[in-house]
Amino acid sequence: MPKNFWVLIDSTNAELKAQIAEQSLRNAAEKAGSALRVEIRDAQGIRLAFKGTPEAGDALLVIGNAEPSAVFAGLPRTNASLEEALRDSPALLEKAAKADTTAPAGNAGPGALIVAITSCPTGIAHTFMAAEGLEKAAAELGYRIRVETQGSVGAGNPLTAEEIAAASLVIIAADREIDRSRFGGKRVFSSGTNAAITDGRSLIKRAFAEAALETGSVNAAAAPTGGGKKRTGPYKHLMTGVSFMLPFVVAGGLCVALAFAVGGINAEGNLAQFLMKIGGSGGFALMVPILAGYIAFSIADRPGIAPGMIGGILCNMLGTGFLGGIAAGFIAGYSVYLLKRFVKMPKNLAGLMPILVLPLLGTLITCLLINYVIGTPFAALNNFLTAWLKGLGGANSMLLGLLLGGMMAVDMGGPVNKAAYAFSVGMLEAGVFRPMAAVMAAGMTPPLAVALAVLIFKTKFTQEDREAGPAAAVLGFAFISEGAIPFAAKDPIRVLSSFIVGSALTGALSMLFNIELHAPHGGVFVLFIPGAVNHIVLYFLAIAAGTVLSAVLLGVLKKKAV
């Protein structure tokens, strides 16, 4: 037996199991006459660190998806799961004692390390579903994997420089632009989150076959800045801007709602006026500049931020609304991108490009085009759209609700869903709140309908589906449409058609009832904030109607489960 067993445990979402496994392994090591040295990591980082330095003859045991530092590179390594450690700790230590030295970095065979990043525009459901899909697929294919989730609260399980350096492959499964500066010199493959969610095995196989070398220094993995960034399509640039904009809209919208709650419909009183100033003059005023700035950032990296944001502020002054902000972001981003490509400076002055030349020229080009070319027509378009939406009533209002509601259920977090959502968020800044209400209600309907259907029509669903029903309900109440994706993936034609009809009804009823919503996310958990939504009873009625309709259609259209 080795003198020391070095055991690295990933305890993410399994803290109690990790503690039991540690004690079980420690007892087994003592009986074998060896010392056990343990490091435990969770989503926040290292909870219990190794003490000491490994020596020749020691053995390394890695439990879960954690990756050891470079000092363990020469030790025989064994990978295992928490369940294996709990099931038979002595046998696992015996297996670790007989292990060969791990395969070198860069090997694409069994045991190769993959590092990945997942992220979606809202940073909620798709981010973590994609991570789960990659982790499951990697385990099935025999690879080790570490996934960093760049969600709404920041990076979860952040990758270390050592892990990146040891990785054979980097996978970026994201629907918005991700900073690649850490991956200089590594083989990188990019895709959207849907590919990781629906078929992670195929994605990993394709990534090994098609990954391209990222530009930049091989040592860039340890650096927070620099490196190259690949351009992507307009949709991804737009979603990057939307993802950064959302927190400002949420904060601003809820402050406006609180102002109405405190001071009535006219927000009367000092406190109400102050809350209105925070929401309207603060959060909503920053919405267009942030949107424009981060669209430009997605296209041209950091030098695009200043031209984009300054262009966005000019759009606010000219009254172009969020449509002008989108245009400003793309103008700024592509202007700076082209300047970077074609404007060359002497080597001793090259450092001035990102901090002086690109921001200055990019800002001038963007603002001149906005002021003299697109400002007036976009302002007129924004005024027309705002007036038209505010004046909608009756059948026209219902038709818009039908369209927006149906779009929310077409792909549940995909491009069509996000288009309807981005449009509704953009209208908040113009003071048009009904589309937002219709979109959020329609987005809640699919997972709620599934949860109801598995209760009523049990024979149409497998035992696994019935067990997943309550989780889908929770996600539905939180306005996370993606909770229904696993059900739709199994039977897309019948399930999606049921969802679309129910969500369209919910959207139409929400518009017909003239329901206004000031918060762009949160589901039922924000509806009870005074002023966040009007006609709350009618709002729940609209959601219930669409949910019941979709659930009944599921029961009628789906075949009996095998």
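For the structure, see preceding data.
What you see is a predicted model, and the numbers here were worked out from it, not measured in a lab.

### Concerning the environment of Leu512
Here comes step 1: Within the secondary structure, Leu512 sits in helix H18 (residues 492–512).
Here comes step 2: Taking the C-alpha atoms as reference points, Leu512 and Asn396, 116 residues apart in sequence, are found 9.1 Å from one another.
Here comes step 3: Other than its neighbours up to four places away in sequence, Leu512 contacts Ser397 and Met398.

### Description of a nonpolar patch on the surface
Here comes step 1: On the surface, Leu349, Leu352, Ile355, Leu356, Leu360, Leu361, Leu364, Ile365, Leu368, Leu369, Tyr372 and Val373 cluster together to form a nonpolar patch covering roughly 1,100 Å² of accessible area.
Here comes step 2: Tracing the chain through its elements places Leu361 in helix H12 (residues 352–391).

### Thoughts on the packing of aromatic side chains
Here comes step 1: Under the definition given, this model contains seven aromatic pairs.
Here comes step 2: On the numbers, 4.8 Å between centres and 35 degrees between planes, the contact of Tyr143 with Phe208 is tilted. Highlighted residues: Tyr143 in the loop between helix H4 (125–141) and strand S7 (144–151) and Phe208 in helix H7 (residues 200–210), separated in sequence by 65 residues.
Here comes step 3: Accessibility expressed as a relative area gives 19% for Tyr143, which makes it buried.
Here comes step 4: Residues Tyr294 and Phe297 carry aromatic rings whose centres are separated by 5.7 Å and whose planes lie at 70 degrees to one another, so their mutual orientation is edge-to-face. Of this pair, Tyr294 and Phe297 both sit in helix H9 (residues 270–300), three residues apart, which is roughly one turn of that helix.

### Here's the deal with the sheet that holds strand S3 (residues 45–48)
Here comes step 1: Pairing in this open sheet of five strands is mixed, and the strands run S3-S2-S1-S4-S5 from one edge to the other. Both outer strands of the open sheet, S3 and strand S5 (77–80), are each paired with one neighbouring strand and no more. Neighbour to neighbour, the strand axes of the sheet diverge by 25 degrees on average, direction disregarded.
Here comes step 2: Bridge count for strand S2 (residues 35–42) against S3 is three bridges, and the pairing is antiparallel.

### Details of the pairing of S7
Here comes step 1: By the criterion of burial, S7 is predominantly enclosed, with eight of the eight residues buried.
Here comes step 2: In this sheet, S7 lies alongside strand S6 (residues 113–119) in parallel orientation, the contact comprising six bridges. Residue pairing for S7: Ala116 is matched across the bridge by Val147.

### Here we look at the pattern of salt bridges
Here comes step 1: Evaluated as defined, the whole model comprises 15 salt bridges.
Here comes step 2: Glu163 is the salt-bridge partner of Arg146, the closest N and O atoms lying 2.9 Å from each other. Here the residue Arg146 occupies a position in strand S7, and Glu163 occupies one in helix H5 (residues 161–166), the gap between them amounting to 17 residues.
Here comes step 3: According to the relative accessible area criterion, Glu163 is buried, its value standing at 0%.
Here comes step 4: Within the structure, one salt-bridge network assembled from shared partners comprises Glu39, Arg41, Arg146 and Glu163.

### What to know about helix H10 (residues 305–318)
Here comes step 1: Here H10 contains 14 residues, and its C-alpha end-to-end distance of 20 Å stays within 8% of the 20 Å for a straight helix at 1.5 Å per residue.
Here comes step 2: Considered for burial, the residues of H10 that qualify are Pro307, Gly308, Gly311, Gly312, Leu314 and Cys315. Here the buried residues of H10 occupy an arc of 160 degrees about the axis, which is enough to place them on one side.
Here comes step 3: On its buried face, H10 sits against H9, helix H11 (321–342) and H12.
Here comes step 4: Gly319 sits one or two residues past H10 and shows a positive phi near 75 degrees.

Rules behind the numbers
Residues numbered from 1 in each chain as written. Predicted model: local features only at pLDDT ≥ 70, side-chain atom pairs only at ≥ 80, totals over all residues. Heavy atoms only, no water. Helix = DSSP H or I, 4+ residues; strand = E, 2+ residues; numbered from the N terminus. Contact = heavy atoms within 4.5 Å. Patch = residues over 30% accessible without salt bridge, like charges linked within 9 Å, V, L, I, M, F, W, Y side chains within 5 Å. Areas by Shrake-Rupley, 256 points an atom, 1.4 Å probe, with all protein chains shown as cover. Salt bridge = Lys/Arg side-chain N within 4 Å of Asp/Glu carboxyl O. Phe/Tyr/Trp six-rings, centres within 6.5 Å; stacked < 30°, edge-to-face > 60°. Buried < 20%, exposed > 50% of the residue type's maximum accessible area, 1.4 Å probe, protein only. Pairing = 2+ DSSP bridges. Axes fitted to C-alpha atoms, helices over the stretch in contact; angles between N-to-C directions. Expected span 1.5 Å × (residues − 1). Arc of directions from axis to C-beta.

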